[in-house]
Amino acid sequence: MVEALTIVLAMGVTRGWRAALTGAVAATFALAAIIAALGPALVVIPIEVLRLVVGALLLVFGLQWLRKAILRASGYKALHDEDEIYRREAAEAAAAGTQLRGGTDWYAFTVAFKGVLLEGLEVVFIVITFGSAQGHLAVAVAGAAAALVLVVVAGVLARGPLERVPENTIKFAVGLLLTTFGCFWSAEGAGVDWPGNELSLLALLAFLAGCSWLAVRALRRRRVSLRPAEASA
Amino acid sequence: MRYVRAFGRFWWEFIVGDDWRIAVGVVIALAACAAVAATGAPAWWIVPLAVAALLFASLRRAARQG
């Protein structure tokens, strides 16, 4: 969501707010349509099958996030630089020619639409998987809407790139939560009875957080030990 | 056909991402978990251990590649 907001802000500041906001609103409606179409379809599938499939998808998706967050935290992957993204998008937008059709700047509209749609798809995926596995899609949608309002308010207050948001910390936490719930639901769907039922979620979260912490430490140490060797080569 | 392929590639990259071995490992771990659970033996430990092993292995590969 932070990347999407950065793109919309860059388009709004450099090309004008009308087309940028229209693109963002159009993408938001497209995302809402995806939720509205997929939500009722998922209700017909038996809950055990849904938990196995949705849990497995969530687990793979969460592990991907966690892996990237660990690589970023240990210096093996560059941190997302919102300030740099903002500068690049703004420079490209300023360099692009103005194509007005029907009074709309289509460059700003398309970039804002694409940015919000692609980044929003991650949110939609999480909302649908969490909502359907628990049978509370409406609550998951309300939570996502609250998060959206929070990000937009932060963007309006910042009025610029959101470099102060500790993005990797947030992604680390989200990756941990997705992997934890993915583990829990997929195993439950496979026929597992968790000791302590939902309480085992806390143990799972602690276990995965511990593994991640160990991985970050080990990778940082490896990076430091390789540096003198690289320098002498 | 080009659009179908691009659509498939988008979803593959969106869900599976940089390391396909993680996705394959998760499927194998869940199959093993279901098989053990079907016998009535405790199977709750299989998925967390498999996840930790898959994560460490994937990070090790990524670190070696630089």
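So, how was this worked out
- Residues numbered from 1 in each chain as written.
- Chains lettered and ligands numbered in written order.
- Predicted model: local features only at pLDDT ≥ 70, side-chain atom pairs only at ≥ 80, totals over all residues.
- pLDDT = per-residue confidence, 0-100.
- Helix = DSSP H or I, 4+ residues; strand = E, 2+ residues; numbered from the N terminus.
- Expected span 1.5 Å × (residues − 1).
- Buried ≥ 20, exposed ≤ 12 C-beta atoms within 10 Å, placed from the backbone.
- Contact = placed C-beta atoms within 7 Å.
- Nonpolar A, V, L, I, M, F, W, Y, C, P; charged D, E, K, R; others polar.

Our next topic: the confidence of the model for chain B. Residues and elements named next belong to chain B. Per-residue confidence for chain B gives a mean pLDDT of 89; residues scoring 70 or more make up 98%. No element of chain B has a lower mean pLDDT than helix α1 (residues 2–15), at 77, and none a higher one than helix α2 (residues 20–38), at 94. Predicted as a complex, the structure gets a pTM of 0.72 and an ipTM equal to 0.90.

Along the chain, the position of Arg221 of chain A falls in helix α8 (residues 200–232). Considering only alpha carbons, one finds Arg221 of chain A and Val8 of chain A, 213 residues apart in sequence, at a separation of 39 Å.

This part is about helix α3 (residues 46–65) of chain B. For α3 of chain B, built from 20 residues, the straight-helix expectation of 28 Å at 1.5 Å per residue is met to within 8% by its first-to-last C-alpha distance of 29 Å. Of all the positions in α3 of chain B, only Ile46, Val47, Pro48, Ala50, Val51, Leu54, Leu55, Ser58 and Leu59 of chain B are classed as buried.

Turning to the confidence of the model for chain A, a few remarks are in order. The share of residues in chain A with pLDDT of 70 or more is 84%, and the mean pLDDT across the chain is 80. The element-level mean pLDDT for chain A is lowest in strand β1 (residues 100–101) of chain A, coming to 60, with helix α3 (residues 47–73) of chain A highest at 88.

What follows deals with the interface of chain B and chain A. Many authors give the size of an interface as the accessible area that is lost as the parts come together. Contacts between chain B and chain A engage 25 residues on the former and 27 residues on the latter. Those elements that place two or more of their residues in the side of chain B that touches chain A are α2 and α3 of chain B. Broken down by element, the residue count for the side of chain B that touches chain A peaks at eleven residues, all from α3 of chain B. Here the residues of the side of chain B that touches chain A sort into 22 nonpolar, two polar and one charged.

A few words now on unusual backbone geometry. Residue and element names in this part refer to chain A. The backbone of Asn197 sits at a positive phi, close to 50 degrees, despite the residue not being glycine. Position of Asn197 relative to the elements: it lies in the loop between α7 (167–189) and α8. The exposure class of Asn197 is exposed, given the 10 C-beta atoms found within 10 Å.

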